[in-house]
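Inside the fold
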Amino acid sequence: QVQLVESGGQLVQAGGSLRLSCAVSGRTISSYAMGWFRQAPGKDREFVAAISRNGAHTDYADSVKGRFTISRENAENTVYLRMNRLKPEDTGVYLCAGRMIVGVAAIATEYDYWGRGTQVDVSS
């Protein structure tokens, strides 16, 4: 049974930084391409960032390019999302997802496994 557990979300002021973590158990993370999505109240789930199985390829939503960085540490079975220059519109539940295909994907339905999310609140 594969499990994904996110952590690191909290209340932060606009302009601040956070690092989210996604710990994977049940199978080695090197089997999965990984992604981060977010969901704000009353809105659809939104793609944030993705990283290929070996970390060679990444993809970002236009809204976070240049501010967020996705990375992975396969030896720790963990994926990270570094978020800088946070804005109030970055507020939401951030969810980690995994897919058993090599490449990156920006569509939620292409992911096989999901965590429950961690809450990020950015105050103005």
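Structural data are supplied above this passage.
Keep in mind that what you see is a predicted model, and the values were worked out from it rather than measured.

Concerning the packing of aromatic side chains
As enumerated under the stated definition, the model contains five aromatic pairs in all. Here Phe37 and Phe47 contribute two aromatic rings whose centre-to-centre distance is 5.6 Å and whose plane-to-plane angle is 70°, an arrangement assigned as edge-to-face. Of this pair, Phe37 sits in strand E4 (residues 33–39) while Phe47 sits in strand E5 (residues 46–51), placing them 10 residues apart in sequence. The class of Phe47 is buried, set by a relative accessible area of 12%. By the ring-pair criterion, three or more aromatic residues cluster together here, those being Phe37, Phe47, Tyr111 and Trp114. Its end group placed over the ring of Trp114, Arg45 keeps NZ or CZ at 4.6 Å from the ring centre. The side chain of Arg99 reaches across the aromatic face of Tyr111, ending 5.8 Å from its centre.

Quick look at the pattern of salt bridges
Within this structure, the stated rule accounts for five salt bridges. One salt bridge in this structure joins Arg38 and Glu46, with 2.8 Å as the shortest N-O distance. A relative accessible area of 5% places Arg38 in the buried class. Here Glu110 makes a salt bridge to Arg99, at a shortest N to O gap of 3.1 Å. Of this pair, Glu110 sits in the loop between strand E9 (92–99) and strand E10 (113–114) while Arg99 sits in strand E9, and the two are 11 residues apart along the sequence.

Observations regarding unusual backbone geometry
A positive phi angle, close to 55°, is found at Asn77, a residue other than glycine. Turning to its location among the elements, Asn77 is positioned in the loop between strand E7 (68–73) and strand E8 (78–83).

Describing the nonpolar core
Grouped together as the largest cluster of nonpolar side chains are 33 residues, with contacts concentrated most on Met34, Trp36, Leu81, Met83 and Tyr94. Every element with two or more residues in this core is listed here: strand E3 (18–25), E4, E5, E7, E8, E9 and strand E11 (118–123). The dominant element in this core, judged by the number of residues it contributes, is E5, at five residues. If we ignore the near neighbours within four places in the chain, the residues touching Tyr94 are Glu6, Leu20, Trp36, Phe37, Arg38, Val48, Phe68, Leu81, Met83, Gly117, Thr118 and Val120.

Reading guide: rules and limits
Residues numbered from 1 in each chain as written. Predicted model: local features only at pLDDT ≥ 70, side-chain atom pairs only at ≥ 80, totals over all residues. Heavy atoms only, no water. Phe/Tyr/Trp six-rings, centres within 6.5 Å; stacked < 30°, edge-to-face > 60°. Helix = DSSP H or I, 4+ residues; strand = E, 2+ residues; numbered from the N terminus. Buried < 20%, exposed > 50% of the residue type's maximum accessible area, 1.4 Å probe, protein only. Lys NZ or Arg CZ within 6 Å of the ring centre and 35° of its normal. Salt bridge = Lys/Arg side-chain N within 4 Å of Asp/Glu carboxyl O. Core = buried A, V, L, I, M, F, W, Y, C linked by side-chain atoms within 4.5 Å. Contact = heavy atoms within 4.5 Å.

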